[in-house]
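Reading the structure
Residues per chain are reported as follows:
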Amino acid sequence: MMKAYLLTVFSGEHAAGNPAGVVVLDDWLDTVTLQQLARHLAQPVTTFVVYDESHGGSQYSVRWFSQQAEINLCGHGSLAAAAVLLEFGEQAPGDAGTATEVDADADVEPEAEANTVTLTSEHGTVIVRRDGPRYHMTLPGWQPNRLPDLKRYLKQISLPVVDSFATRDLVLVAESPDVVRQFTPDMAVLAAIADYHAVILTAQDGSDGYVLRYFAPKIGIDEDIATGSAQCSLAPYWLEQLGRETLKVTQLSAQGGAFVVRQQGEGHISLQVEVRLVSVVQLP
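These numbers were taken from a predicted model, which means no experiment stands behind them.

Looking now at the pattern of salt bridges. Enumeration over the complete set of coordinates arrives at nine salt bridges. For the salt bridge of arginine 146 with aspartate 163, the shortest nitrogen-to-oxygen distance reads 2.7 Å. Separated by 17 residues along the polypeptide, arginine 146 in the loop between strand E8 (134-140) and helix H4 (150-157) and aspartate 163 in strand E9 (residues 163-166) bring together distant segments of the chain. With a closest N to O distance of 2.8 Å, arginine 181 and aspartate 178 form a salt bridge. Here the residue arginine 181 and the residue aspartate 178 both occupy positions in helix H5 (residues 177-182), the gap between them amounting to three residues, near one helical turn. When its relative accessible area of 42% is taken as the criterion, aspartate 178 is described as partly exposed.

Pasting the structure below:
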């Protein structure tokens, strides 16, 4: 019988974090069944992982589902999956309690390798490392595109902004955290923006951080609680704007989310977060 792990990710002193479900499979099930399981678990996102025998070590194939649709990249779902694989007993066949074999010429220490999981999908690779009670996740950093068609979306949303750009997401930069906090979205308008995965509202927060809210109604998430993949869109912009290598991030959803984001080499960022196990349930 299959089981699912329910966890919260991006929790902190003043942030409840974002729930996620994780199911570790022996082999891939069909897409309809995966969607049904995600709907049954009723989490914002459910992550399914299968051990990747072709690569060995601690590499897994991954897919993410909301209750309505498959998602092309999910940060908090990836972190939840890594916690299950590294901390809660679900490991690759033959790997339980042992470090992965490491090439003698590799730069990675065996202990670090044993605390690292690589999740691969057709949308990119996510690497998660456990460091004590926290997890570090490496993600792609997306450069902003300033497209002329953004003006029509700004008129539809009716929000004064100081900047706007596009990545996978439509990003609107507000004047202050208060503007972000007080914004009342029209979900019908946001859901009609078909060209982008989500709409993100953000603002500078002091000299070393930023805030955000994340809206993705077209995939069944009106407002996400705490969104790791949003930092792929936001971190490169704010790291450049503020001239910092490390930033504190607060997601201003009702439950709240907390992150620390860093530049991680060319074209990548890293997040440092907490993950907490809530429960383990049996699936039908």
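The structure having been displayed, the exposition proceeds.
Turning next to the side chain of histidine 136. Relative to the elements of secondary structure, histidine 136 occurs in strand E8. On the basis of relative accessibility, which here comes to 15%, the residue histidine 136 falls in the buried class. Those residues within four positions of histidine 136 in sequence are excluded, and the remaining contacts are Ile127, Val128, Arg129, Asp131, Arg262, Leu271 and Gln272.

The phi dihedral of alanine 42 falls on the positive side, at around 60 degrees, and the residue is not glycine. For alanine 42, the location among the structural elements is in the loop between helix H1 (31-41) and strand E3 (46-51). Residues other than glycine seldom take positive phi values, yet serine 158 does so here, at roughly 55 degrees. Using a relative accessible area of 58% as the deciding quantity, one classes serine 158 as exposed.

Another aspect to go through is the environment of proline 160. Note on placement: proline 160 falls in the loop between H4 and E9. Residue classification places proline 160 among the exposed residues on the basis of a relative accessible area of 65%. Residues proline 160 and leucine 172 lie twelve residues apart in sequence; the distance between their C-alpha atoms is 9.1 Å.

Attention now goes to the packing of aromatic side chains. Tallying each qualifying case throughout the model produces seven aromatic pairs. For the pair phenylalanine 48 and phenylalanine 65, a centre-to-centre distance of 5.8 Å together with 80 degrees between the ring planes defines the contact as edge-to-face. A residue pair is termed long-range when its members are at least 10 positions apart, and phenylalanine 48 in strand E3 and phenylalanine 65 in strand E4 (residues 59-65) qualify at 17 residues. Of the residues examined, phenylalanine 48 reaches a relative accessible area of 0% and is grouped as buried. Classification of phenylalanine 65 as buried rests on a relative accessible area of 1%. Both rings, one in tyrosine 153 and one in tyrosine 196, keep their centres 5.8 Å apart while their planes meet at 80 degrees; by these two values the pair is edge-to-face. A residue pair is termed long-range when its members are at least 10 positions apart, and tyrosine 153 in helix H4 and tyrosine 196 in the loop between helix H6 (187-191) and strand E11 (199-204) qualify at 43 residues. Through a chain of ring-to-ring contacts, three or more aromatic side chains come together here, namely Phe165, Tyr210, Tyr237 and Trp238. Taking the ring centre of tryptophan 28 as reference, the NZ or CZ of arginine 63 above it sits at 5.8 Å.

Here is what the cut-offs are and how they apply
- Residues numbered from 1 in each chain as written.
- Predicted model: local features only at pLDDT ≥ 70, side-chain atom pairs only at ≥ 80, totals over all residues.
- Heavy atoms only, no water.
- Salt bridge = Lys/Arg side-chain N within 4 Å of Asp/Glu carboxyl O.
- Helix = DSSP H or I, 4+ residues; strand = E, 2+ residues; numbered from the N terminus.
- Buried < 20%, exposed > 50% of the residue type's maximum accessible area, 1.4 Å probe, protein only.
- Contact = heavy atoms within 4.5 Å.
- Phe/Tyr/Trp six-rings, centres within 6.5 Å; stacked < 30°, edge-to-face > 60°.
- Lys NZ or Arg CZ within 6 Å of the ring centre and 35° of its normal.

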